[in-house]
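What follows is the residue order along each chain.
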Amino acid sequence: MSFVEYGDTIKDGDTAIVFLGHESMFPVKVQHGTVTQTKYGVIRHSTDLIGKKYGSKVTCSKGGWVFILHPTPELWTMNLPHRTQILYSTDISLITMMLELKPGSIVCESGTGSGSLSHALIRTVAPTGHLYTVEFHQQRAEKAREEFREHGVEHLVTVTNQDVCKNGFGVSNIADAVFLDIPSPWEAIGHAKSALKAEGGRICSFSPCIEQVQRTCLAMEEYGFTEINTLEILLRVYNVRTISLQIPDLGKAAEDNSSAGFDSSSASNPGSPCADAQAGTVQFKSGVPLRDMVGHTGYLTFATKSLF
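Given the structure is predicted, the values throughout are model-derived calculations rather than measurements. Within every chain, residues take consecutive numbers counted from 1 along the sequence as written. Totals for whole chains, interfaces and linings use every residue, but because this is a predicted model, local features are given only for residues with pLDDT of at least 70 and side-chain atom pairs only at 80 or more, for both listing and counting. Side-chain measures were taken over the full set of non-hydrogen atoms in the model, leaving aside hydrogen atoms and water.

Caption draft 1: Inspection of helix H5 (residues 138-150) at higher detail. In a regular helix each residue adds 1.5 Å, so 13 residues correspond to 18 Å; H5 covers 19 Å between its end C-alpha atoms and thus fits that length. The first or second residue beyond H5 is Gly-152, which carries a positive phi of 70°. In DSSP terms, a helix is any run of H or I states spanning at least four residues, a strand is any run of E spanning at least two, and both are numbered starting from the N terminus. Any helix carries an expected span of 1.5 Å times its number of residues minus one.

Caption draft 2: Molecular detail of the pattern of salt bridges. Salt bridge criterion: a side-chain nitrogen from Lys or Arg within 4 Å of a carboxyl oxygen from Asp or Glu. In total, this model carries 6 salt bridges according to the counting rule given. Between Lys-197 and Asp-176 there is a salt bridge, with its nearest N and O atoms 3.0 Å apart. Linking Lys-197 in the loop between helix H7 (189-195) and strand E11 (202-207) with Asp-176 in the loop between helix H6 (164-167) and strand E10 (177-180), this pair joins segments that are 21 residues apart in sequence. Each residue gets one of three labels from its accessible area relative to the maximum for its type: buried under 20%, exposed over 50%, partly exposed in between, using a 1.4 Å probe on protein chains only. Among the residues examined, Asp-176 registers a relative accessible area of 21% and is labelled partly exposed.

Caption draft 3: Local environment of the domain arrangement of the chain. Boundary definitions for the domains trace back to an automatic or database domain assignment. Here the chain is partitioned into domain 1 (9-71) and domain 2 (76-234 + 295-305). The distance between the C-alpha centroids of domain 1 and domain 2 comes to 33 Å. Any two residues whose heavy atoms approach within 4.5 Å are treated as being in contact. If you look at the interface, domain 1 gives 7 residues, while domain 2 gives 5 residues. Regarding the contact of domain 1 and domain 2, the summed buried area is about 510 Å², with carbon and sulfur atoms giving 58% of it. Considering only the side of domain 1, the residues that lose the most area to domain 2 are Thr-15, Met-25 and Pro-27, jointly responsible for 62% of the buried surface there. Applying the counting criterion to the domain 1 and domain 2 interface returns 1 salt bridge. Between Lys-29 and Glu-150 there is a salt bridge whose closest N-O contact spans 3.5 Å. Whenever two N or O atoms come within 3.5 Å, that pair is a polar contact, provided that in protein one can donate a hydrogen and the other can accept it, and provided that, for residues adjacent in sequence, both atoms are side-chain atoms. At the junction of domain 1 with domain 2, the criterion picks out 1 residue pair in polar contact (both at pLDDT 80 or more). Secondary-structure elements contributing two or more residues to the side of domain 1 that touches domain 2 are strand E1 (15-21) and strand E2 (24-29). The leading source of residues in the side of domain 1 that touches domain 2 is E2, at 4 residues. Taken together, the residues of the side of domain 1 that touches domain 2 sort by class into 4 nonpolar, 2 polar and 1 charged. Put simply, buried area is the surface a 1.4 Å probe can reach on two separate parts but cannot reach once they are joined, added for both. Gly falls in the polar group here, along with every residue not listed as nonpolar (Ala, Val, Leu, Ile, Met, Phe, Trp, Tyr, Cys, Pro) or charged (Asp, Glu, Lys, Arg).

Here's what the structure looks like:
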């Protein structure tokens, strides 16, 4: 099993996603002889999972059923164990595009955190690219190495435990892009410039506070970065609903009907627009935004390393 290569069959040692519904899923490590408890009953790994195909519908001991899904970076973002605050797919998609990442790209990242963005970056640069990720916290760095090994992507990533603001990324002039998600990104801009290729590259800094953005932009200008711009993504979800509106009374209904060539036989058809007019309402489909939406997550500041 690998997060960057799809496998058909569930094997012992795989990480799989148990899907109970769109709002209810969780990861599980498949192990021979192990059982997993769900609200629909027990899943026995030896008989219910190992050897089955990903996407299979598995019946639990209480008669309910779940789907077993192959892990992807998007599913992992929704289900990973949180060691820190994480980036979600809305911000990750823009980061991947604006950093101009592709298979074969070399990326430097700090900090690793819970590995949400790391998995997406690895999938994007595979199979010939590489991710160099730096984590200040030793236990988080060790846990990240363990997860990358379990997920079959350890050959695509190098995890380093050090302070990026003091010691940098441990590489020079090889990166196509650099990403910073640290409390004081302005202190790492110089190291980011050193890590980027001599012919240029892209940098992105994620910060929740505008004061951090201001200091980071000043540091980028000081080190000669160009095309500096800051973005914020606010995702608004719409539902398609049937809307009913009353038709205003603008005059004599009989005169309006006669001028429009109203056929009395259409009144017997409840699905006709005229029947709706007789009833005093009209129905139509419309997109309606949800009452609640995800607000501010952070500011994304992008820049380009100048060639001069």
